[in-house]
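Residue strings, one per chain:
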Amino acid sequence: MKALIYHGPKNVSVDEVEDAKIEHPDDILVKVTATNICGSDLHMYEGRTDYEEGRAFGHENLGEIVEVGAGVSKLSVGERVVLPFNVACGHCKNCEKGMTSYCLTMQPEPAYAGAAFGFADMGPYQGGQAELLRVPFGDFNALRLGEDSVEKENDYVMLSDIFPTGWHCAELAQVAPGDTVVIYGAGPVGLMAALSCTIKGAARIFVVDHVADRLKLAESIGAIAVDDSKVDPVQYVLDQTLGLGADAGLECVGFQGTGTGGKEEPNLIMNRLIASVRFTGHIGVVGVYVPEDPNAQDELAKKGQFALDWGMLWFKGISIGTGQAPVKKYNRQLRDLITAGKAEPSFIVSHNLPLDQAPDAYKHFDARDDGWTKVVLHP
């Protein structure tokens, strides 16, 4: 089969590799028809993680079941399914609590929790930017799609990660009807967070970024675009809220946040959020942060640490929720919103490309080139 293989920083190619296959009775084998390039892939693509050379990328996957293991009872060959980026067992303590993003079974490193397709430090599972993908515990992990799954493929593939992740961020920030919300980051996750806050009934949604085409997409769903290259976003939010701040703040950037001149400042977004959110407000954090970042530009960041305005956070009584999204906790209800026409997350898609064009697509997406907001590959 063909798969997009990592060969080192900013060096990927579509190679012929051994076919994925059933390895356990509970496995299913999926022919991938849609798989997204994610901002999290860029951390690995840029060499900011210890992702192994020779492995395939791709944790946002959708396709058709072509084979099922002997232990699979719910699913059948020919059904179309979307797959959570989380690889979960369904029966450990965390899975039983709905926290499939911290599965204790599928992560082979005892000091860690959580596993994923094609992701650094999250188990040995191959990614789905390939023609075939082995899915462990298929009955538990796969979500069936209906008759409109081909027509709305670009919508449903967002259920693999970014739509549930945006929703999870809104949940962590306790967004409620009528709230004023500030979202830092207008990348795919930030835009999904804005969509989620809209569905949840937020009254005003400020989206902060400096990439013009992303801000235009935020405006297209009714959010208020804030260009932080032109205004101080904290002061802007305060000015628009009588000096009180937003009810909820959503962090959708992560450790590669940049300040003036494009310099990385890993603590910038969190400290802006603390300043932007009102007393007793809430912050949700789904932007990726890592325990170690050897390529960081300062000593604290290399150890996964940074200077947080903890005194102000405590003084304001702000609560913070963090972590990767447990996709299965949300993907069924979000699927049904798509089916009913209540949500169209595909509004962010800028490119639909064959797998062979993935290496070039990574270059454009990594450079944040104009017009490259979300790429869907079709193996």
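Scroll up a little and you will see the structure.
Residues numbered from 1 in each chain as written. Predicted model: local features only at pLDDT ≥ 70, side-chain atom pairs only at ≥ 80, totals over all residues. Heavy atoms only, no water.

(A) Spotlight on the packing of aromatic side chains. Applying the stated criterion across every chain, the model contains eight aromatic pairs. The interplanar angle of 65° and the centroid separation of 5.8 Å between the aromatic rings of Tyr-6 and Tyr-51 together place this pair among those described as edge-to-face. Here Tyr-51 lies in the loop between helix H1 (39–45) and strand E4 (61–68) and Tyr-6 lies in strand E1 (residues 2–6), a separation of 45 residues in the sequence. Relative to Phe-57, the ring of Tyr-51 has its centre 5.1 Å away and its plane inclined at 35°; by these criteria the two rings are tilted. Within the aromatic cluster, the residues linked to one another by ring pairs are Tyr-6, Tyr-45, Tyr-51, Phe-57 and Tyr-362. Sitting over the face of the ring of Phe-279, Lys-316 holds its NZ or CZ atom 5.8 Å from the ring centroid. (Phe/Tyr/Trp six-rings, centres within 6.5 Å; stacked < 30°, edge-to-face > 60°. Helix = DSSP H or I, 4+ residues; strand = E, 2+ residues; numbered from the N terminus. Lys NZ or Arg CZ within 6 Å of the ring centre and 35° of its normal.)

(B) Representation of the pattern of salt bridges. If you walk through the whole model with that rule in mind, you get 20 salt bridges. The residue Lys-152 makes a salt bridge to Asp-148 at a minimum N-O spacing of 3.8 Å. Take Lys-152: its relative accessible area is 18%, and that puts it in the buried class. One salt-bridge network, held together by shared partners, links Lys-10, Glu-46, Asp-366 and Arg-368. (Salt bridge = Lys/Arg side-chain N within 4 Å of Asp/Glu carboxyl O. Buried < 20%, exposed > 50% of the residue type's maximum accessible area, 1.4 Å probe, protein only.)

(C) Quick look at the environment of Asp-309. With respect to the helices and strands, the residue Asp-309 is situated in the loop between helix H10 (299–302) and helix H11 (310–316). A sequence separation of 37 residues divides Asp-309 from Arg-272, and the C-alpha atoms of the two residues are 9.4 Å apart. Beyond its immediate chain neighbours, meaning those up to four positions away, Asp-309 contacts Asn-271 and Ile-274. (Contact = heavy atoms within 4.5 Å.)

(D) Layout of the pairing of strand E10 (residues 224–227). Inspection of the sheet shows strand E9 (residues 204–209) paired to E10 by four bridges, in the parallel sense. Each residue of the ladder has a partner; that of Val-207, found in E10, is Ala-225. Between the parallel pair E9 and E10, the chain is carried across by helix H7 (residues 212–220), and the sense of this crossover is right-handed. (Pairing = 2+ DSSP bridges. Right-handed = clockwise from strand over helix to strand, strands pointing away.)

(E) Here's a closer look at the packing of helix H5 (residues 162–172) against helix H12 (residues 331–339). For the pair H5 and H12, interaxial distance at closest approach is 10 Å and the crossing angle is 110°. The angle between H5 and H12 falls in the class roughly perpendicular. In this structure, the crossing between H5 and H12 has a hand that is right-handed. Facing H5, whose interface residues are Phe-163, Pro-164 and Trp-167, H12 presents Asn-331, Gln-333, Leu-334 and Ile-338. Partitioned by chemical class, the residues of the contact of H5 with H12 number five nonpolar, two polar and no charged. (Axes fitted to C-alpha atoms, helices over the stretch in contact; angles between N-to-C directions. Parallel < 35°, antiparallel > 145°, perpendicular 65-115°, else oblique. Left-handed = near helix turned anticlockwise from the far one by under 90°. Nonpolar A, V, L, I, M, F, W, Y, C, P; charged D, E, K, R; others polar.)

(F) Quick peek at H12. Among the residues making up H12, those that are buried are Asn-331, Leu-334, Arg-335 and Ile-338. For H12, the buried positions fall inside an angular range of 105° around the axis, keeping them on one side. On its buried side, H12 packs onto strand E7 (143–144), helix H4 (153–156) and H5. Trailing H12 by a residue or two, Gly-341 shows a phi angle of about 80°, which is positive. (Arc of directions from axis to C-beta.)

(G) Fine view of the sheet that holds strand E8 (residues 180–184). Strand order in the open sheet formed by six strands is E10-E9-E8-E11-E12-E13, and the pairing between neighbours is parallel. In this open sheet, the two strands that pair with only one neighbour each are E10 and strand E13 (319–322). For this sheet, the mean angle separating the axes of adjacent strands, direction not counted, is 20°. Along the sheet face, helix H6 (residues 188–199) touches E8, E9 and strand E11 (246–251) and points at about 170° away from the line of E8.

(H) Representation of the nonpolar core within the structure. Phe-163, Val-175, Ile-183, Cys-197 and Leu-250 are the most contacted members of the largest nonpolar core, which has 45 residues in total. Among the secondary structure elements, those contributing two or more residues to this core are H5, E8, H6, E9, H7, E11 and H12. Here this core takes seven residues from H6, the largest share from any one element. For Leu-250, the residues in contact, after removing those within four places along its chain, are Cys-169, Ala-170, Ala-173, Val-175, Val-181, Val-182, Ile-183, Tyr-184, Ala-193, Cys-197, Leu-273 and Gly-284. Core analysis: the next-biggest nonpolar cluster, separate from the first, contains 24 residues, Tyr-6, Val-12, Ala-116 and Phe-119 among them. (Core = buried A, V, L, I, M, F, W, Y, C linked by side-chain atoms within 4.5 Å.)

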